Amino acid sequence: MEKIKIQYLNDEMERLRYIDGKSDWIDLRAAEDVEMKAGEFRLIPLGVAMQLPRGYEAHIVPRSSTFKNFGIIQTNHMGIIDESYCGPNDWFFMPAYALRDTVIRKNDRICQFRIQKHQPEIIFEEVDRLDGEDRGGIGSTGIK
């Protein structure tokens, strides 16, 4: 089992944990109350900094209910934090864009993360034509 050193912004931040064994993604929470107007961009502090194990990176994405509950989207759609972002001031943030006026309260769950090993080194081999079975291109599986 890998260990991750974690620093919390303050004692008011709920501690990270798996939620009810439902997923191996871990929720991240707003570190402060945030009010946003439609069309506003904001880096929402998540109240944690981590020292990831060597060879790992964190993938941060919105929770499935984030847009419904708060009307925000994560502007980079998925944030990547590698193990070099590990100093005492390297806090996690969610870059958010509001599509409606919204209020997010401290400790509201707004995004989630998981850690993954870095991609192995790969070599690209150029060919004139791929020989796999043709699926028919993008959108070829239909809607039902």
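None of the values given here were measured: they were computed from a predicted structure.

How do you make sense of the overall build of the protein chain when you look at a structure like this?
Of the regular secondary structure elements, the protein chain holds one helix and eleven strands. A principal-axis box enclosing the C-alpha atoms of the protein chain has dimensions of 55 × 40 × 30 Å. Buried residues in the protein chain amount to 34% of all 144 residues. Pairs at least 24 apart in sequence give 74% of the contacts found in the protein chain among residues at least 6 apart. With the model as given, the accessible surface of the protein chain reaches about 10,300 Å², and the carbon-plus-sulfur share is 49%. In the protein chain, 20 side chains carry a positive charge and 24 a negative one; their mean positions are 8 Å apart.

Help me understand the environment of L16, please; the structure alone is not making it clear to me.
Its location among the elements puts L16 in the loop between strand 1 (5–8) and strand 2 (26–29). We classify L16 as partly exposed; its relative accessible area is 25%. Taking C-alpha positions, L16 is 39 Å from F124, a pair spaced 108 residues apart along the chain. In this view, L16 contacts I6, Y8, I26, D27, L28, M50 and F113; residues no more than four positions away in its chain are not counted.

In this structure, what is going on with the sheet that holds strand 2? I would like to understand it.
The strands making up a sheet associate through hydrogen bonds between their backbones, and the pairing can be parallel or antiparallel. The antiparallel open sheet is built from four strands, whose spatial order is 2-11-6-8. The strands lining the two open edges of the sheet, one partner per strand, are strand 2 and strand 8 (79–82). The average undirected angle you get between the axes of adjacent strands in this sheet is 30°. By the bridge criterion, seven bridges tie strand 6 (residues 56–62) to strand 11 (residues 109–117) in an arrangement that is antiparallel. Each residue of the ladder has a partner; that of V61, found in strand 11, is Q112.

Where do I start with the sheet that holds strand 9 (residues 93–98) in this structure?
Pairing is antiparallel in the open sheet, where three strands are placed in the order 4-9-7. Edge positions in the sheet fall to strand 4 (41–45) and strand 7 (72–74), since each of these pairs with one other strand and no more. Across the sheet, the mean angle from the axis of one strand to that of its neighbour is 40°, orientation sign disregarded. Bridge analysis of strand 7 against strand 9 gives three bridges, and the strand direction is antiparallel. Looking at strand 9, one finds that I72 is bridged to A98.

I'm lost on the nonpolar core in this one. Help?
With 26 residues, the main nonpolar core has L28, I44, I72, F92, I104 and I110 as its most contacted residues. Beyond its immediate sequence surroundings of up to four residues, I104 is in contact with A30, E32, D33, V34, I44, F70, I72 and I110.

Would you explain the packing of aromatic side chains in this entry?
The relation between two aromatic rings is expressed through the spacing of the ring centres and the mutual angle of the planes. Within this structure, the stated rule accounts for zero aromatic pairs. Above the face of the Y8 ring, R15 is positioned so that its terminal group lies 3.9 Å from the ring centre.

Looking at this structure, I do not really get the UniProt feature "domain: dUTPase-like" (unreviewed entry) in the protein chain. What am I missing?
Here the UniProt feature "domain: dUTPase-like" (unreviewed entry) sits at residues 27–141. Taken end to end, residues 27–141 comprises 4% helix and 41% strand; its first and last C-alpha atoms sit 33 Å apart.

What am I meant to see in unusual backbone geometry here?
Note: most peptide bonds trans; most residues except glycine with negative phi. Of note, H77 is a non-glycine position whose phi angle comes to about 60°, a positive value. Structurally, H77 can be placed in the loop between strand 7 and strand 8. Here N107, not a glycine, exhibits a phi torsion of approximately 75°, which is positive. Examined against the element boundaries, N107 turns out to sit in the loop between strand 10 (102–104) and strand 11. Residue N107 is classed as buried on the basis of its relative accessible area of 13%.

Criteria and cut-off values
- Residues numbered from 1 in each chain as written.
- Predicted model: local features only at pLDDT ≥ 70, side-chain atom pairs only at ≥ 80, totals over all residues.
- Heavy atoms only, no water.
- Helix = DSSP H or I, 4+ residues; strand = E, 2+ residues; numbered from the N terminus.
- Buried < 20%, exposed > 50% of the residue type's maximum accessible area, 1.4 Å probe, protein only.
- Contact = heavy atoms within 4.5 Å.
- Areas by Shrake-Rupley, 256 points an atom, 1.4 Å probe, with all protein chains shown as cover.
- Lys, Arg positive; Asp, Glu negative; His and termini not counted.
- Charge placed at Lys NZ, Arg CZ, Asp CG, Glu CD.
- Pairing = 2+ DSSP bridges.
- Axes fitted to C-alpha atoms, helices over the stretch in contact; angles between N-to-C directions.
- Core = buried A, V, L, I, M, F, W, Y, C linked by side-chain atoms within 4.5 Å.
- Phe/Tyr/Trp six-rings, centres within 6.5 Å; stacked < 30°, edge-to-face > 60°.
- Lys NZ or Arg CZ within 6 Å of the ring centre and 35° of its normal.
- UniProt positions renumbered as here; feature names shortened; annotations may be inferred.

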